[in-house]
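Structural description and commentary
Residue strings, one per chain:
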Amino acid sequence: MSDKKHLVVVGNGMAGMACLSNILKRQPNFVVTVLSEEPYCNYNRILLSSVLSGEKPEEDIYINTEEWYEKNNICLRLGTKAVDINAKTQNIICQDGSLVHYDKLLIATGSDPFIPPIDGVKKRGVYTFRNLADTRAILEQCRAKTGRAVVIGGGLLGLEAARGLLNQGMKVSVVHIMDRLMERQVDEKGGWFLKREFEKMGIDVLLKRSTARIMGDKDVDGVLFKDGEIIGADMVVVACGIRPNVALGKKAGLQVNRGIVVNDYMETNNPDIFAVGECVEHRGMVYGLVAPLWDQGKVLAATITGDKGPTYEGSVLATKLKVMGIELFSAGEFMPEEPEKEVVAYEDHAFGIYKKLVVKNERLVGAILIGDSSDANRFLDMIRKNERVSGDRHRLLFETPPAVPGSPTDVMSKPDTETICGCIGVSKGQIVSAIREDGCRSVQDIKKCTKASTGCGTCTGLVEQILRAVAGSEVEEVKEKVVCECIPFPKEKLRNIIKTQNLKSVQDVLEVYGNGTGCLACKPALGFIVDEVWCGDHEEQRSARFINDRVHANIQRDGTFSVIPRMRGGVTSPAQLRKIADVAEKYKVPMVKVTGSQRIDLLGVKKEDLPKMWADLDMTSGYAYAKAVRMVKSCVGTDFCRFGTQNSIQTGIDLETALEGLHTPAKVKLGVVGCPRNCAEATVKDIGLVGIEGGWQVVIGGAAGKTVRAADILLVVETKEQAFEAAFLFFQYYRENGEYLERTYDFVERLGLEKIRQETILASDEKKRGLLERLKKSKSKVVNPWNEHKKPVHPMQFDDFVLPKDKEALIGSPS
Amino acid sequence: MNTTEQTKWYLISETHLFPEREGKRVHFKDYDIAVFNLGNGRFRAIDNTCPHKQGPLADGIVAGENVFCPLHALKIDLGSGCAVEANGKVRSYPVQVYNAKVYVAFDEGE
């Protein structure tokens, strides 16, 4: 132990940890400490924009877990900011007053957001967008109240932030000081295409605007430009670029220009101090991208472990914009300012495609791709390798034969040297060798082994193609429960997609994210999900519904239907019974039966009689045919029963009135009993209320069908109102999280009672309010489907076509 | 299904009376058929009675070129009338759409 040297890494970001991984691979004689100013494990900063846009949950962007640090014997000190370095005594002074001695020091402090000197940047509602804390704060404000967001800065980060804010329901404007967006990555024409794409999404783009002041008292309420124009704002995100964080380098006495100066071996001017990532300057260049960090880390790992030899010679600048719905790639030099530079370009205004290549001395030196970046890696490779390009410029732009996108042979026809993962810089050959030599059999294995696809993640599809082509049938399939093969996403992800992509109908979802047609399994499932996600504010498509939900009756084995009117709490009246009897006679209903749910069933009804019967009955549909709230069964309770302790009849009626008409993943039957004798069997219902002396038990997950299961007690409360709130919380939570066709008894077993308690009755007030509000909104959209007798959704909703026997035919084709 | 200049085409109704991606039952003489509007002007016609347990196919869920019987979910190809991944077949009939009207050649069913 004592002969080991102490390596201290300041900075727990992508550069520091990627470099540290490379160092550890060399099994060095180091004891390692990592000082992390941020209070969490190492995460993928590039993906913060996906967290903001709602495409990824926060937990998906962590790169290394605490176990990784433990397993590698790394002492990780979270929330510890290094404030000073004494290079003579080799000590680091931390903000908490502690002193850390190092033998070797690796500075990986990254960058800080640049905040221009504008009045008012300290107001509440002004954010930077650089780390997880920023992202959380922005999301919190979006969730509390949507409104107008102004993003100052039209570069990569600003545009990604703008798209994220749009997804969060904000009205977004991007303000940029230059005459075009992303002026460092695109030329004037590219800027025009880019602006148009953002405007199509509904984002306002304001160019050539210099911000003078952020206005408002404590809270921001507007932005004033130098020309006097004012725009309203409830939130301002400052994304004006980044500056290398060199403070510690200066304190350590290192040579610092824009960044901490390093040579090709990644050494600083102090033999015991190294630096990597965005905080360094190499051959005059400072990089704010991921690929260079990775290359630098490999070289540094060799140098610091005593294998000095490999050199870092700089990186080609390449940028990919990660904005849902917009493809942009830019690499190298693209401004043809020198006479020897020639341009090959293609424009397609209808599809928003712009491609521009810059060739110098028969070599590709720059590329801009907007709208279609499928050739990005090919061009990046050509730029990196500095190869001579063929005389035929057309072939340069459109490789022949054209690759068939998505075909498994597509990527395999490319050379081994072709870059697959542009973020990390992993070639096809490296991935193939990870599969052949290292035995990788899943994308997850390949990610671990090569780090490919751990950056922005856009190459995951290519990695999978290579895996399938090389490993064939040996590929380990990841079994994630998906809604259906037609739409292969887990339900939670699909709900997210539907929300963020504003998809309002089943067909929209199938066409954009599925196979376009769907099937018996997924169409009704999607019908439920779009309804639930939009709280009833969706576009209903009856063709996605089972026949029962198209004609609001239950199809029987002979093709006739059964009609069950709502009879809340199982309570009826002589007048109602008389009406039902009249209808049964009038329409010659072959069977009238009392159901197990305290209701009356009229069986054997012809489809065309349904609307007429509903008109005569003038009652509400009992939903006995649907994946929905069926009924609340009740016992007699204190009104009449000599044992009753609670008023179960009225409580049952009220509970049914509160929830009737709402759709659920599978049918939901409820029960209310006035005492624990349980005469109406509430303890084998999906949700039950059991009256006890002085209160109610709320029970969930009971069943008395094919499965028999006694319900679990969710909680015990004093009042009916409290019991209802608990029941509603569970009900809405189940609607949002149950798999389609999953009954509550399976749902409760799958998640466990404790988890359900934590997410419902024990959840934060904000979460509870959200559940109850969404339930309320859904409920407000409920209409009695039997009203369709007055106004059918389609003229032929209940009718067949009947042609007269003597119908004349047309001889020969009508056309 | 070969139609010729002698084929008898019967006008069923106007296209807008067939809800998109749904089936509608059509009765004519002894025929009991189901006509499906697949969208984009594509229509299909088959016998309405499922070969499995006589379910009304017009009430099934339509997905692409298939219908699923509402009773026990037998999957039937709407073009050929053949059950998919199962045994069984129903007659299929030539359909034509002309001037927003749907015509079926009942006698040419096979």
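To keep things clear, this report deals only with the structure shown in the data block.

With respect to the overall build of chain A
- Each helix and strand counted, chain A has 25 helices and 40 strands in total.
- When the 815 residues of chain A are sorted by exposure, 53% land in the buried category.
- Here the contacts in chain A between residues at least 6 apart in sequence split such that 62% fall between residues at least 24 apart.
- Entry remark: accessible area of chain A is about 36,500 Å², with carbon and sulfur atoms responsible for 50%.

Quick look at the sheet that holds strand 38 (residues 712–717) of chain A
Residue and element names in this part refer to chain A.
- In spatial order, the strands read 32-33-34-35-38; together these five strands make up an open sheet with mixed pairing. In this open sheet, the two strands that pair with only one neighbour each are strand 32 (629–634) and strand 38. For this sheet the average axis-to-axis angle between neighbouring strands, irrespective of direction, equals 15 degrees.
- Across six bridges, strand 34 (residues 687–692) lies against strand 35 (residues 695–700) in antiparallel orientation. When the bridges of strand 35 are listed, Ile692 appears paired with Gly695.
- Against the sheet, helix 21 (residues 648–659) contacts strand 32, strand 33 (668–673), strand 34 and strand 35, and its axis sits at roughly 175 degrees relative to strand 32.

Brief notes about the pattern of salt bridges
- All told, the structure shown has 53 salt bridges over all chains when counted by the stated rule.
- Measuring nitrogen to oxygen at the nearest pair gives 2.5 Å for the salt bridge that ties Arg136 of chain A to Glu58 of chain A. Here the residue Arg136 of chain A occupies a position in helix 4 (residues 132–144), and Glu58 of chain A occupies one in the loop between helix 2 (48–52) and helix 3 (66–71), the gap between them amounting to 78 residues.
- Notably, a salt bridge pairs Arg550 of chain A with Glu22 of chain B, separated by 3.8 Å at the nearest N-O pair.

A word on the pairing of strand 3 (residues 31–39) of chain B
Residue and element names in this part refer to chain B.
- Burial runs high along strand 3: eight of the nine residues are buried.
- Bridge analysis of strand 2 (residues 22–28) against strand 3 gives seven bridges, and the strand direction is antiparallel. Within strand 3, the position partnered with Gly23 by the bridge is Phe36.
- Once strand 2 ends, the chain turns through two residues before running back antiparallel as strand 3, passing Lys29 with a positive phi of about 50 degrees.

Here's the deal with the side chain of Ser634 of chain A
All names here are of chain A.
- Positionally, Ser634 belongs in strand 32.
- There is a polar contact of 2.8 Å between the side chain of Ser634 and the backbone oxygen of Gly569.
- Sequence-distant contacts of Ser634, that is, excluding residues within four places in its chain, are made with Gly569, Gln598, Ser648, Ile649, Val672 and Ala680.

As for the pairing of strand 5 (residues 91–94) of chain A
All names here are of chain A.
- Pairing geometry for strand 4 (residues 82–86) and strand 5, over four bridges, is antiparallel. Bridge pairing in strand 5 links Asn86 to Asn91.
- Joining the antiparallel neighbours strand 4 and strand 5 is a turn of four residues, in which Gln90 adopts a positive phi near 60 degrees.
- Here three bridges tie strand 5 to strand 6 (residues 99–101), and the two strands are oriented antiparallel to one another. By the bridge assignment, Ile92 is partnered in strand 6 with Val100.

Description of the packing of aromatic side chains
- Using the criterion set out here, one finds 25 aromatic pairs over all chains in the structure.
- Relative to Tyr354 of chain A, the ring of Phe193 of chain A has its centre 5.2 Å away and its plane inclined at 10 degrees; by these criteria the two rings are stacked. With Phe193 of chain A in helix 6 (residues 188–201) and Tyr354 of chain A in strand 24 (residues 353–360), the pair connects residues that are 161 residues apart, well separated along the chain.
- Phe193 of chain A gets classed as buried once you look at its relative accessible area, which sits at 0%.
- Within the aromatic cluster, the residues linked to one another by ring pairs are Tyr10, Phe28, Tyr31, Tyr93 and Phe106 of chain B.
- The aromatic ring of Phe114 of chain A is capped on one face by Arg243 of chain A, whose charged end is 4.1 Å from the ring centroid.
- One cation-aromatic arrangement involves Lys308 of chain A over Tyr265 of chain A; the distance from NZ or CZ to the ring centre is 4.7 Å.

Notes on the interface of chain A and chain B
- In this complex, chain A contributes 41 residues to the contact, which on the side of chain B involves 39 residues.
- Where chain A abuts chain B, roughly 3,300 Å² becomes buried across the two surfaces, and 62% of that area is made up of carbon and sulfur atoms.
- Three residues, Phe801, Leu803 and Pro814 of chain A, lead the burial of chain A against chain B; their summed loss comes to 21% of the area buried on that side.
- Where chain A meets chain B, there are two salt bridges.
- Taken together, chain A and chain B are joined by 16 residue pairs in polar contact (both at pLDDT 80 or more).
- For the side of chain A that touches chain B, the secondary-structure elements that each account for two or more residues are helix 16 (506–513), helix 17 (522–533), helix 18 (547–551), strand 39 (801–802) and strand 40 (810–811) of chain A.
- A per-class count over the side of chain A that touches chain B returns 18 nonpolar, 11 polar and 12 charged.
- In terms of strand pairing, strand 40 of chain A meets strand 1 (residues 8–14) of chain B through two bridges, oriented antiparallel. Bridged to Ile811 of chain A within strand 1 of chain B is Lys8 of chain B.

Conventions adopted
Residues numbered from 1 in each chain as written. Chains lettered and ligands numbered in written order. Predicted model: local features only at pLDDT ≥ 70, side-chain atom pairs only at ≥ 80, totals over all residues. Heavy atoms only, no water. Helix = DSSP H or I, 4+ residues; strand = E, 2+ residues; numbered from the N terminus. Buried < 20%, exposed > 50% of the residue type's maximum accessible area, 1.4 Å probe, protein only. Contact = heavy atoms within 4.5 Å. Areas by Shrake-Rupley, 256 points an atom, 1.4 Å probe, with all protein chains shown as cover. Pairing = 2+ DSSP bridges. Axes fitted to C-alpha atoms, helices over the stretch in contact; angles between N-to-C directions. Salt bridge = Lys/Arg side-chain N within 4 Å of Asp/Glu carboxyl O. Polar contact = N/O pair within 3.5 Å; in protein donor to acceptor, adjacent residues only side chain to side chain. Phe/Tyr/Trp six-rings, centres within 6.5 Å; stacked < 30°, edge-to-face > 60°. Lys NZ or Arg CZ within 6 Å of the ring centre and 35° of its normal. Buried area = accessible area lost by both parts, 1.4 Å probe. Nonpolar A, V, L, I, M, F, W, Y, C, P; charged D, E, K, R; others polar.

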